[in-house]
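Architecture and fold: a report
Each chain is listed here by its residues.
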Amino acid sequence: MIKDEIKHLIEARRACVGVIGLGYVGLPLAVEFAAKGFRAVGFEVDAKKADAINRGESYIGDVESEAVGKLVSEERLRATTDFGLLSECDAIIICVPTPLRKTKEPDISYILAASEEIQKRLRRGQLIILESTTYPGTTNEVLLPMLEERGLKLDEDFLLAFSPERVDPGNPQYQTHNIPKVVGGCTDDSTEAAAALYGQIVNDVHAVSSARVAEAAKLLENTFRAVNIGMANEMARLCYALGIDTWEVIRAAATKPFGFMAFYPGPGIGGHCIPLDPHYLSWKARQHGFDSRFIGLAEEVNSRMPEHVVMLVTDGLNDAEKSLKGSRVLLLGVAYKKDINDVRESPALSIIDRLRAKGADVRYHDPFVPEIRFDDAHTESAGEPLSSVPLTNEELRAADCAVIVTDHSGVDYKRVCALSGLIVDTRNALDRDLRRDSCARIIRL
Ligand SMILES: NC(=O)c1ccc[n+]([C@@H]2O[C@H](COP(=O)([O-])OP(=O)(O)OC[C@H]3O[C@@H](n4cnc5c(N)ncnc54)[C@H](O)[C@@H]3O)[C@@H](O)[C@H]2O)c1
């Protein structure tokens with residue numbers, strides 16, 4: 001049986017593992033397989049990325065260049081733009097982007113492009129796994145017919161599964177090996193082979209009955225986050241109106257040992273997952289005449305947070321008898337979350353847009369993001385590129401308002417508190433002692 005042949009290769013670590021798309025998801029995965037003794041080949045459309053990997057240079061924060069260099073020199077890892085090499089791979093994992101169209105509908109064109117490359121070279125004995133986040137049904141309804149088009153048959157010739165990715169960039173506690181992996185195949189044999197493959201690199205594989213269940217589980221996870229962050233954001237706005245400290249409220253509620261899970265407000269949601277993934281679910285829901293109201297509401301609340309942050313800045317300046325127009329506003333952090341360099345969908349971009357539209361002189365400091373080019377940032381934002389300014393004492397003193405948008409760990413918040421006149425803290429980055437000792441006016445979300 002094809003399943004046994006593939007499992008045999010996997011268990012002997014003789015399988016060649018191909019990873020299509022060497023980004024935040026694909027690169028760590030390829031490195032992990034290579035580190036466990038597999039021969040890993042990364043397929044990229046971006047030749048610069050492939051060249052960097054082959055030179056032993058990582059461009060992803062969680063992946064050390066040293067580890068890449070070692071695996072490349074041992075000929076266990078290589079990157080290529082030559083999709084012809086797909087035929088050498090026993091397992092092929094697709095990790096390409098799944099953005100939204102302007103209409104907020106799923107854009108699975110990258111999955112289709114990757115699948116076409118596989119389709120051209122599919123041979124007997126290959127295990128194909130989709131990892132890109134997508135709507136339930138993609139693996140069965142889109143990939144399977146494409147792969148069977150040239151006459152090869154599922155289970156008899158090849159296997160096909162979906163396994164969602166849960167990587168949390170910048171999280172030192174949870175990395176590939178200790179994040180449980182959900183696996184759902186289009187057939188039981190596919191599930192078993194895919195589970196055997198991931199079992200080589202992760203401690204805990206959770207097999208489910210179908211690819212659809214695995215696809216839906218991923219969307220539930222991220223929709224759960226979007227909805228609960230929306231709830232926390234709504235609470236923050238309400239608490240601001242009532243003059244109550246939101247963070248103290250959440251801290252108090254979180255002492256309940258059951259039935260409560262703490263989520264925190266912020267300047268808005270960002271990254272390639274939480275703002276996008278729920279739309280994959282609501283789109284699929286609409287196909288079935290179903291209106292997913294939680295998703296719509298969460299998006300509405302979360303997408304208004306940048307506007308709320310600008311209002312806090314305006315209020316603070318107003319109290320100091322200054323107008324936003326002409327004021328210098330210094331954003332601290334522009335990445336969508338702490339200690340990473342990713343600005344995709346970052347709320348900072350929308351905040352910058354809004355501040356600029358109102359005539360503020362906007363600058364930013366982010367140790368992870370040297371420059372923001374708005375065209376590359378996958379947002380509606382526009383305007384001149386901005387470069388990170390050094391966080392000098394002069395910079396802090398010259399700002400009419402400092403806005404903590406991303407609470408990067410390396411920033412000296414004590415100095416920020418000592419030298420700023422007005423601070424808007426959207427992340428509760430300033431603890432009670434800092435706030436008490438500071439002469440700055442501090443407005444918290
Ligand atoms: N970034 C995360 O934290 C995260 C977490 C879980 C799931 N995901 C999901 O994983 C998938 C990949 O996300 P990512 O963050 O790694 O994206 P990314 O943009 O960092 O990486 C994708 C890579 O794929 C390459 N690519 C695009 N089309 C290609 C093709 N046809 N062939 C080969 N390479 C191609 C791009 O050049 C890029 O390097 C998405 O579906 C995303 O939703 C991401």
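Residues numbered from 1 in each chain as written. Predicted model: local features only at pLDDT ≥ 70, side-chain atom pairs only at ≥ 80, totals over all residues. Heavy atoms only, no water.

Section: the side chain of Thr176
- Considering the arrangement of structural elements, one finds Thr176 in the loop between strand E6 (158–162) and strand E7 (181–185).
- Excluding anything up to four places from it in sequence, Thr176 contacts Pro28, Glu32, Ile201 and Val202. (Helix = DSSP H or I, 4+ residues; strand = E, 2+ residues; numbered from the N terminus. Contact = heavy atoms within 4.5 Å.)

Some points on the site of the ligand
- Every one of the 28 residues lining the ligand counts as a neighbour, but Val25, Glu44, Lys49, Thr98 and Thr133 are closest to it.
- For the ligand, an oxygen atom lies 3.0 Å from a polar atom in the backbone of Thr133.
- Side-chain polar atom of Arg344 to an oxygen atom of the ligand: 3.2 Å apart, as the coordinates give it.
- Within the complex, the protein chains bury 92% of what would otherwise be the 830 Å² of accessible surface of the ligand.
- For the shell around the ligand, the element with the most residues is helix H5 (residues 109–121), which contributes three residues.
- For the shell around the ligand, the per-class residue count stands at 16 nonpolar, six polar and six charged.
- Two domains each provide a minimum of three residues to the shell around the ligand, namely domain 1 (2–209) and domain 2 (231–444). (Near = heavy atom within 4 Å. Polar contact = N/O pair within 3.5 Å; in protein donor to acceptor, adjacent residues only side chain to side chain. Areas by Shrake-Rupley, 256 points an atom, 1.4 Å probe, with all protein chains shown as cover. Nonpolar A, V, L, I, M, F, W, Y, C, P; charged D, E, K, R; others polar. Domains from an automatic or database assignment.)

Looking at the pairing of strand E5 (residues 126–130)
- Within E5, five of the five residues are buried, leaving the element largely enclosed by the surrounding structure.
- Residues Gln126, Ile128 and Leu130 of E5 are buried on one face, and the alternating residues Leu127 and Ile129, pointing to the opposite face, are buried as well.
- As paired elements, strand E4 (residues 91–94) and E5 share four bridges and run parallel to each other. By the bridge assignment for E5, Ile93 is matched with Ile129.
- Regarding topology, H5 serves as the crossover connection from E4 to the parallel E5, and that connection is right-handed.
- With five bridges connecting them, E5 and E6 associate as parallel partners. Bridged to Ile129 within E6 is Ala161.
- For the segment spanning E5, helix H6 (residues 138–148) and E6, crossover handedness is right-handed. (Buried < 20%, exposed > 50% of the residue type's maximum accessible area, 1.4 Å probe, protein only. Pairing = 2+ DSSP bridges. Right-handed = clockwise from strand over helix to strand, strands pointing away.)

Things to note about the domain arrangement of the chain
- Split into domains, the chain comes out as domain 1 (2–209) and domain 2 (231–444).
- Measuring from the centre of the C-alpha atoms in domain 1 to the corresponding centre in domain 2 gives 34 Å.
- Each side of the interface is counted separately: domain 1 has 19 residues, and domain 2 has 15 residues.
- Interface area, domain 1 with domain 2, both sides summed: about 1500 Å², of which 58% is carbon and sulfur.
- A per-residue breakdown of the area domain 1 buries against domain 2 is headed by Tyr24, Leu100 and Lys104, which together make up 31% of the total.
- Counting across the interface, domain 1 meets domain 2 through three salt bridges.
- Across the pair Glu299 and Lys104 runs a salt bridge, and its minimum N-O distance is 2.8 Å.
- The tally of links from domain 1 across to domain 2 stands at nine residue pairs in polar contact (both at pLDDT 80 or more).
- Residues that form the side of domain 1 that touches domain 2 fall into these classes: nine nonpolar, four polar and six charged. (Buried area = accessible area lost by both parts, 1.4 Å probe. Salt bridge = Lys/Arg side-chain N within 4 Å of Asp/Glu carboxyl O.)

So, the packing of aromatic side chains
- Taken as a whole and judged by the stated rule, the model has six aromatic pairs.
- A centroid spacing of 5.6 Å and a plane angle of 70 degrees characterise the contact between Phe224 and Phe263, whose relative ring orientation is edge-to-face. Separated by 39 residues along the polypeptide, Phe224 in helix H8 (residues 211–242) and Phe263 in the loop between helix H9 (246–253) and helix H10 (277–287) bring together distant segments of the chain.
- Here a set of aromatic residues connected by ring pairs shows up, and it is made of Phe33, Phe38 and Tyr198.
- Between Lys181 and the ring centre of Tyr198, over which it is positioned, the NZ or CZ distance is 4.5 Å. (Phe/Tyr/Trp six-rings, centres within 6.5 Å; stacked < 30°, edge-to-face > 60°. Lys NZ or Arg CZ within 6 Å of the ring centre and 35° of its normal.)

Here's the deal with the sheet that holds strand E13 (residues 401–404)
- Pairing within the open sheet is parallel, and its five strands lie in the order E10-E9-E13-E14-E15. The open sheet has two edge strands with one neighbour each: strand E10 (361–365) and strand E15 (441–444). Each strand axis lies, on average, 20 degrees off the axis of its neighbour in the sheet, ignoring direction. (Axes fitted to C-alpha atoms, helices over the stretch in contact; angles between N-to-C directions.)

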